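Topology and contacts: notes
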Amino acid sequence: LGTKVNRKKVETLVTVHVHQRDIAEELMKLVKERKVQDANDFDWLKQARFYWRPSASDDVSSDGATVVSITDVDFNYQYEYLGAKERLVITPLTDKCYITLAQ
């Protein structure tokens, strides 16, 4: 991996991708059980979703905007870069915190 920063980046990517895999598996299970049937079901809405809206604009371009949606809230993506931050865990509790903070 080379440097400590590279190791931290890889650890963070692995943590985030394992979480995304678990969420995708859970959503597929809910779809098969018919507990999630459309895009308005809460189990889908509670996930952070990224959309490209060509008719929107942001601080960078008027040619479209990336929108981050969680539950019923939309945020324009603002191209923040926080650096290579360490990420210890992602749990159901941290997911609930993101939902609560977005409200």
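Above: the structure in question.
From a predicted model like this one, the values you see are computed outputs, not experimental measurements. (Residues numbered from 1 in each chain as written. Predicted model: local features only at pLDDT ≥ 70, side-chain atom pairs only at ≥ 80, totals over all residues. Heavy atoms only, no water.)

1. Comments concerning the layout of surface pockets
What counts, and what does not: Lining residues are defined by having an atom within 4 Å of a point belonging to a cavity or pocket. Those points lie on a 1 Å grid over the protein atoms alone, cavities being sets where a 1.4 Å probe fits but cannot get out and pockets being open sets with protein on both sides within 12 Å along at least five of seven lines. Grid points are joined across faces, edges and corners, and a volume is the space filled by probe spheres set on the points. By the criteria applied, helices consist of DSSP H or I runs no shorter than four residues and strands consist of E runs no shorter than two, each listed in order from the N terminus. Here the nonpolar group is Ala, Val, Leu, Ile, Met, Phe, Trp, Tyr, Cys and Pro; Asp, Glu, Lys and Arg are the charged ones; every other residue, Gly included, is treated as polar.
Here the largest pocket defines a volume of roughly 1700 Å³. Considering the residues around the largest pocket, the lining is formed by 39 residues, among which Val16, Ala48, Phe50, Arg87 and Tyr98 are closest to the centre. Contributing elements (two or more residues each) for the lining of the largest pocket: α1 (4-32), α2 (42-45), β2 (65-70), β3 (73-76) and α3 (92-102). For the lining of the largest pocket, the element with the most residues is α1, which contributes 11 residues. Residue classes in the lining of the largest pocket are distributed as 21 nonpolar, 8 polar and 10 charged.

2. Observations concerning the packing of aromatic side chains
What counts is decided by this rule: Pairs were defined over the aromatic rings of Phe, Tyr and Trp, the Trp ring being its six-membered one, requiring ring centres within 6.5 Å. Orientation was assigned from the angle between planes: stacked under 30 degrees, edge-to-face over 60, tilted for the rest. Any residue under 20% of the maximum accessible area for its type is buried, any over 50% is exposed, and the rest in between are partly exposed; the area is computed with a 1.4 Å probe on protein chains only.
The tally for this structure, following the rule as stated, stands at 1 aromatic pair. Taking 5.1 Å as the distance between ring centres and 75° as the angle between the ring planes, the aromatic pair formed by tyrosine 77 and tyrosine 79 counts as edge-to-face. A relative accessible area of 29% means that tyrosine 77 is categorised as partly exposed. You can call tyrosine 79 partly exposed: its relative accessible area is 39%.

3. Some thoughts on the sheet that holds β2
Put simply, the rule is: Strand pairing follows a simple DSSP-based rule, namely that at least 2 bridges must link the two strands. Interaxial angle, 0 to 180 degrees, is taken between N-to-C directions of lines fitted to C-alpha atoms, where a helix line uses only the stretch in contact.
Taken together, the 3 strands give an open sheet; going across it, the order is β1-β2-β3, and neighbouring strands pair in antiparallel fashion. The sheet terminates laterally at β1 (49-53) and β3, the two strands that pair on one side only. In this sheet, adjacent strand axes meet at a mean angle of 30° when their direction is disregarded. Here 5 bridges tie β1 to β2, and the two strands are oriented antiparallel to one another. Considered in β2, the bridge of tryptophan 52 is made with threonine 66.

4. So, the pairing of β2
Counted residue by residue, β2 has 6 buried out of 6 residues, so it is predominantly covered. Residues Ala65, Val67 and Ser69 line one face of β2 and the alternating positions Thr66, Val68 and Ile70 line the opposite face, and both faces are buried. Two strands pair when backbone bridges link them, and β2 and β3 are joined in this way by 4 bridges, in the antiparallel orientation. Each bridged residue has a counterpart across the sheet, and for isoleucine 70 the counterpart in β3 is valine 73. Hairpin connection between β2 and β3: a loop of 2 residues separates the two successive antiparallel strands, and threonine 71 in this loop has a positive phi of roughly 50°.

5. Observations concerning a nonpolar patch on the surface
Our working definition: The patches reported here contain residues having more than 30% relative accessible area and no salt bridge. Joining distances are 9 Å for like charges and 5 Å for nonpolar side chains (Val, Leu, Ile, Met, Phe, Trp, Tyr). Using a 1.4 Å probe, accessible areas were evaluated by the Shrake-Rupley method; residue-level cover was limited to the displayed protein chains. Salt bridge, as applied in this entry: a Lys or Arg side-chain nitrogen positioned within 4 Å of an Asp or Glu carboxyl oxygen.
A contiguous nonpolar patch, built from Leu1, Val10, Val14 and Val18 and spanning about 330 Å² of accessible area, is present on the exposed surface. Taking the relative accessible area as the measure of exposure, valine 10 reaches 36% and is therefore partly exposed.

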